[in-house]
Amino acid sequence: MPSITTVVARALRTAAAILAEEAPQDGLVYGELWKRVLSREPRLEAQWRLANDESPQENNTPFKDYVNRSAGNLVQAGWLHRGLRRWQLTGLGRDALGRWPDPVDFYGEASRRYRRWERQKQLCLVAVTALEKLPDGGHWVVLKELAEAFSVDPDVLGPYLLGSRPRGWYLALGEDGVAGDRLPLWPHERDLWRSLLDEEGLLDTGRSSLDTVRALPDRRMPVWDALTAAAQPAEAGDTEPELPRQLWIIRGKDAASGIPLIRGPWREQSVITLDAGSLPWGVGGHDLASVRRVVEAALPATAPTRREAVALELDAFLNRMRPGDIVLSTDGFDTYVGVVNGPAARAADQLTRPVEWRNLDKPLDFFKDLPSGLSAVVQDADSQVLEATEYAETVLALTEDMPRTAPEPKGPAVLPDATAELAAGLNMPDATWLQDCVELLRATPQLIFHGPPGTGKTYIALALARHLAGASGATNVRLVQFHPAYAYEDFFEGIRPRLSGGKDTGGDGGGGLGYDLVRGPLRKLADEAERRPAEVFVLVIDEINRGHLAKIFGELYFLLEYRNERVHLLYGSDDGRGFRLPPNLYILGTMNTVDRSVAYMDAAMRRRFSFVELHPDIPPVSGVLESWLRGRAEQRGEDPATTDVSHAQLLDEINRMLADGNPGERSFRVGPSYFMQDLAHTGDGALERLWRTQIIPLLTEHHWGDGVEVETVYALDTLRERLGIRPPTAADTGDVPAQP
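Residues numbered from 1 in each chain as written. Predicted model: local features only at pLDDT ≥ 70, side-chain atom pairs only at ≥ 80, totals over all residues. Heavy atoms only, no water.

A closer look at the overall build of the protein
Step number 1: When helices and strands are tallied, the protein shows 32 helices and 20 strands.
Step number 2: Every one of the 740 residues in the protein was classed for burial, and the buried ones make up 51%.
Step number 3: Relative to all contacts within the protein whose residues are 6 or more apart in sequence, the contacts with residues 24 or more apart total 68%.
Step number 4: About 34300 Å² of surface is accessible on the protein, with carbon and sulfur atoms providing 51% of the total. (Helix = DSSP H or I, 4+ residues; strand = E, 2+ residues; numbered from the N terminus. Buried < 20%, exposed > 50% of the residue type's maximum accessible area, 1.4 Å probe, protein only. Contact = heavy atoms within 4.5 Å. Areas by Shrake-Rupley, 256 points an atom, 1.4 Å probe, with all protein chains shown as cover.)

Remarks on the sheet that holds strand β15 (residues 477–481)
Step number 1: Here we have 5 strands laid out as an open sheet, ordered β15-β18-β19-β14-β20, and parallel in their pairing. Looking along the sheet, the strands with just one partner apiece sit at the ends: β15 and β20 (610–613). Ignoring which end each strand starts from, the neighbouring axes of this sheet average 20° apart.
Step number 2: Note: strand β18 (residues 537–542) against strand β19 (residues 585–592), 5 bridges, orientation parallel. Following the sheet pairing, Val538 is matched in β19 by Tyr586.
Step number 3: Packing against the sheet, helix α19 (residues 432–443) makes contact with β14 (446–451), β19 and β20, and its axis sits at approximately 140° to β14.
Step number 4: Relative to β18, helix α23 (residues 521–531) is tilted by about 165°, and along the sheet it contacts β15, β18 and β19. (Pairing = 2+ DSSP bridges. Axes fitted to C-alpha atoms, helices over the stretch in contact; angles between N-to-C directions.)

Focus: the pairing of strand β11 (residues 350–357)
Step number 1: Here strand β7 (residues 271–275) runs beside β11; their pairing, made up of 5 bridges, is antiparallel. Across the sheet, the residue bridging to Val271 is Pro354, located in β11.
Step number 2: Examined bridge by bridge, strand β9 (residues 334–340) and β11 share 3 bridges and lie antiparallel to one another. Residue Val340 lies in a different strand from β11, and its bridge partner there is Val355.
Step number 3: Where strand β10 (residues 345–347) lies against β11, 3 bridges are found, and the strand directions are antiparallel. Residue Ala345 lies in a different strand from β11, and its bridge partner there is Thr352.

Comments concerning the packing of helix α27 (residues 624–635) against helix α28 (residues 646–661)
Step number 1: Two elements in contact, α27 and α28, have axes whose closest approach is 9 Å; the angle formed by their N-to-C orientations is 170°. Put simply, α27 runs roughly antiparallel to α28. Seen from α27, the contacting residues are Leu625, Glu626 and Leu629; seen from α28, they are His647, Ala648 and Leu651.
Step number 2: When its residues are assigned to classes, the contact of α27 with α28 shows 4 nonpolar, 1 polar and 1 charged. (Parallel < 35°, antiparallel > 145°, perpendicular 65-115°, else oblique. Nonpolar A, V, L, I, M, F, W, Y, C, P; charged D, E, K, R; others polar.)

So, unusual backbone geometry
Step number 1: For the peptide bond that leads from Pro619 to Pro620, omega is 5°, which places it in the cis range.
Step number 2: Structurally, Pro620 is set in the loop between β20 and α27.
Step number 3: Phi is positive for Arg165, which is not a glycine, with a value near 50°.
Step number 4: Secondary-structure assignment places Arg165 in the loop between α10 (154–164) and β5 (172–173).

Quick notes on helix α29 (residues 686–702)
Step number 1: Taking 1.5 Å as the rise per residue, α29 with 17 residues should run 24 Å; its terminal C-alpha atoms sit 24 Å apart, in good agreement.
Step number 2: At Arg692, α29 shows its largest kink, close to 40°.
Step number 3: Considered for burial, the residues of α29 that qualify are Ala686, Leu687, Leu690, Trp691, Ile695, Ile696, Leu698, Leu699 and His702.
Step number 4: Check the buried side of α29 and you find it contacts α28, α30 (710–713) and α31 (716–723). (Expected span 1.5 Å × (residues − 1). Bend = angle between axes of the 7 residues up to and from the residue.)

Side note on the environment of Val438
Step number 1: Along the chain, Val438 turns up in helix α19.
Step number 2: Distance from Val438 to Asp417, taken between C-alpha atoms, is 6.7 Å for residues 21 residues apart in sequence.

This is the structure in structure tokens:
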């Protein structure tokens, strides 16, 4: 099974090839480009789901969005430009296609160049700022001088300017004023450079040709002269220029729940806030130096780097932010834009500013709508307040026609039907079985997948959950795993200790313990579902039978069956109103029927869930491995009809032997997932390694104490000989060692 990196690399290189072949000049809108990628590589999405199942930390990111985000590596490497929501391959990108034909090598080189840029990121941004401050009147600077002035590698800065194209990017030229000196440009890139220099009055028509674009040599300005000129004060009599609108990226989360504040108080009160903690009101000095002094006095025990970060955030919020500026805040992929319409004020331990939110009812999509350069800044930023003024007017233009108030959410949420695309991604012949699961959830909003190990229970549960949640799957799906020590306080809510009274928190420095009521994953998801009744929320509970269910669910047992009723909570956090499980919150569980370490569910819990078996002997699991093997062969350009399906034959033989040994016992079989991973298919002796490290140990545990010589009875060579299977060679498979 390919890794996530391999699947993403194939998607990005395929996208680059399509841009080079079909739209070298105008590029393509990402949505259209994505359709063409999947048309050319139809197995990519199925491979992504399989690979993603092995990396649960990535499960909340849809494939399309993950590829879009990963394309930032190509942008910073100078291989790709994403402007006006279109992807355009640069000449550097075209050159890279020829240099690195292997997708993993292609993406690996882009990532290596991205890491070089990332190490010099702050210096690059300072150099770009200097470039933007070139004085009016038409001047250009030498790229190498600009890079040296700010200790940046010219081979990093030049491609970065070509890919990201900040304001004035085209004014950094070669020694002789040559545009894109030593860069492999497309003809249309040279034409663009020619047009931009001509607009600035810098084009040297006498020395420019079809293949070379040059700027006038007498308009070259040394970098430090340019900065000095830009810093000169206006002459007497000049009118004060109108200050440009600034764009601020601002973040904020509720301390207890971790929920973005834009979902709650910011939206409801038309404000943005910044935690002031123990800082005195005197922090409102009018310059950064005074803010630094106050922060240093208030937080003497805090690390200097953290004090500086706090000072910069406060200075931005209090002094640099102005009425009329634009603010941007995100909630998952939803992006909200507003306009500051008042001065800073203090309320309790927070600083506030009034904001007129422009698109509460129609948030922008983080990846689809934002300029690519801005989305990269939003992702990379660690600060609570960050300036990105170069994108101010672009962002504001996106919200001009949007209503300024949010309508009341409408409900109820509706579960979508299963689709053929979902079934194909799970290697199922059609959506019939999945649709049965949807119908069961519509009748009873709790469902458990149960069966032997390796039958894809968790993978199917997560795929179905993301499908049911639709576009909100990134934030509306949560995964938890039960275990014997898991309790109600972990799952729903409980009292948790916290340190209090220290210097950084405004205490006397003595320290001590305080206690908070902290919400667990079910309470958080239920509160969100109650707040947004038109959306579907899904909680996936892996290994649900490994926990002490009566202990974990407590009074919630009742609510699983009676969704319209309310109960009073153990810790009284319902404020006397009672708590319910919202009807738009669904629960998917998985249960390994082989696990002998815990008791099975009691009758009360069984009554509250629908149970669906996933077993190697019955659909949809039977036949999945063979289907996956044929699809894998097709993706590699081979004929599916002649595919080697010996892995499926071996799996069937193991399960036949297990059934013969225990004819009345169905709880233990081996599922196909063991044979759907890279370990079973990559490099010489791949299956032998899988057999030795996973299959034999699994069978040994099953036969523990019954006298069966597992390594002899289930020896791979023995089974191959019995089935007439010839061991494959590297020449048969065409496999190569796995990429790191």
